[in-house]
Amino acid sequence: MEEPHPMMKLVDLHNNECNAIEVEINIPYGKIAGKWFGPRDVKPILCLHGWLDNCGTFDRLIPLLPKELSFLAIDFPGHGHSCRIPDGMAYHQIDRVMVIQYVMNEYGWDRVALMGHSMGASVAFTYAGLFPEKVELVIGLDNFRPVRYSPGRFLKYAGSMAVKILQVNSDERRNSEPPLYTYEEMVEALHKGSYQSVSRKYCPYLLQRNISRSKKYPEKYYFNYARMLKYDQIPGWTDEATVTLLKRIRVPQLVIQATESRDPGSRAAFNTVVKVLGEENASFQVEYLKGTHHVHLNQPEVVTPVITDFLLMYWSAGDPGQCGKVTSIALFCYTKRLLINITVKRLTELEKTN
């Protein structure tokens, strides 16, 4: 039997040192896999990864967050170690929204706190808008809006995508292996495939659950996510519907926007939604941090202070799930941030008058 690649051993060692525990959650068509960080007797914050990633995206971020808190990072169906959907079916964004409810049902939670990256952030905020009474807080890493509706794009690609779904189903029934690579080639493929968003140095944290060894050529690997994921059926939301949905969220919200991220949608539309939500919800917060779309993986030390301040403000480790307890240190963080915001606003007003 082939030995695991040294980098795979290194990631395993990292997870062991962080006391990350593998978990499995039953769902109607299989299982959801994930990792639990932190005390098992403390209700965790549910963490949702981005498209074609997996829960390894949080491996470097979570260990830097307050140790008394717990986090449950899961793999969406079709990703990582979670099951695939039944043969003949296609992946839809709304199905991922219901995965949150499956996890809540498994653990008997009435409400949930959510942290998501990219697609995971979109899913988290969509769930919070659809079920505002069931959510305690939401954190979005480099996204928070549902996918935008683009009638031209949808009409252009929907038909061809349907044909490709049929072809992929046929290929998977034959158990044919996708393209094969050495481990080093996998790193390069992930780095370039993410448009250099994932640093080569930290690709192994995503590859750990994203690749499988070839049965024919044991020295090579292939990406093991469901090939059907490349043909997601996502018609998207209009900007008006997005604003209506997100305005329903009344709980604390934090959005971290990476300044060097490739913008998947309209920057103007993003700014419009941010403005509306900032006016609607006093606990809606946006922070702009220097980094790529995967800044939380590449530079978690840049992201953790912002998340920690937010969690100290709105989340209590000793509480089974109620937000709003403000400790003395959280009150200090809040006061400091409030003073900074007031100062920035005042300076902006002075610049306009001058």
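Below is a summary of the structure that appears in this document. From a predicted model like this one, the values you see are computed outputs, not experimental measurements. (Residues numbered from 1 in each chain as written. Predicted model: local features only at pLDDT ≥ 70, side-chain atom pairs only at ≥ 80, totals over all residues. Heavy atoms only, no water.)

A word on helix α8 (residues 267-280)
Applicable threshold: Helix numbers and strand numbers start at the N terminus; a helix is a DSSP run of H or I with at least 4 residues, a strand a run of E with at least 2. Given a helix with a known number of residues, its expected span is that number minus one, times 1.5 Å. For every residue, the accessible area (1.4 Å probe, protein chains only) is compared with the maximum for its type, and the residue is labelled buried under 20%, exposed over 50%, or partly exposed between those bounds. Think of the arc as the fan of directions from the helix axis to the C-beta atoms. Every residue pair with non-hydrogen atoms within 4.5 Å of one another is taken to be in contact.
Under the 1.5 Å per step criterion, the end-to-end length of α8 is 20 Å for 14 residues, consistent within 8% with the ideal 20 Å. Those residues of α8 that sit buried are A269, F270, V273, V274 and L277. Each buried residue of α8 lies within a common arc of 135° when the element is viewed along its axis, so the set occupies one face. Summarising the geometry of α8, the exposed residues directed more than 90 degrees from the buried face are A268, K275 and E279. Buried positions along α8 lie against α7 (239-247), β9 (253-258) and β10 (284-289).

Description of the packing of aromatic side chains
Stated precisely, the cut-off is as follows: Ring pairs are drawn from Phe, Tyr and Trp, using the six-membered ring of Trp, whenever the two centres fall within 6.5 Å, and their geometry is named by plane angle: stacked under 30 degrees, edge-to-face over 60, tilted for the rest.
The tally for this structure, following the rule as stated, stands at 10 aromatic pairs. Look at W36 and Y107: their rings are 5.7 Å apart centre to centre, the planes differ by 65°, and that puts the pair in the edge-to-face class. You can see W36 sitting in strand β2 (residues 30-37) and its partner Y107 sitting in helix α2 (residues 93-107), a full 71 residues away along the chain. Take W36: its relative accessible area is 4%, and that puts it in the buried class.

What about unusual backbone geometry?
One non-glycine residue with positive phi stands out, namely L52, at about 65°. Its place among the elements puts L52 in the loop between β3 (45-48) and β4 (71-74). Judged by its relative accessible area of 13%, L52 is buried. In this structure, Q196 is a non-glycine residue whose phi angle is positive, near 65°. Using a relative accessible area of 46% as the deciding quantity, one classes Q196 as partly exposed.

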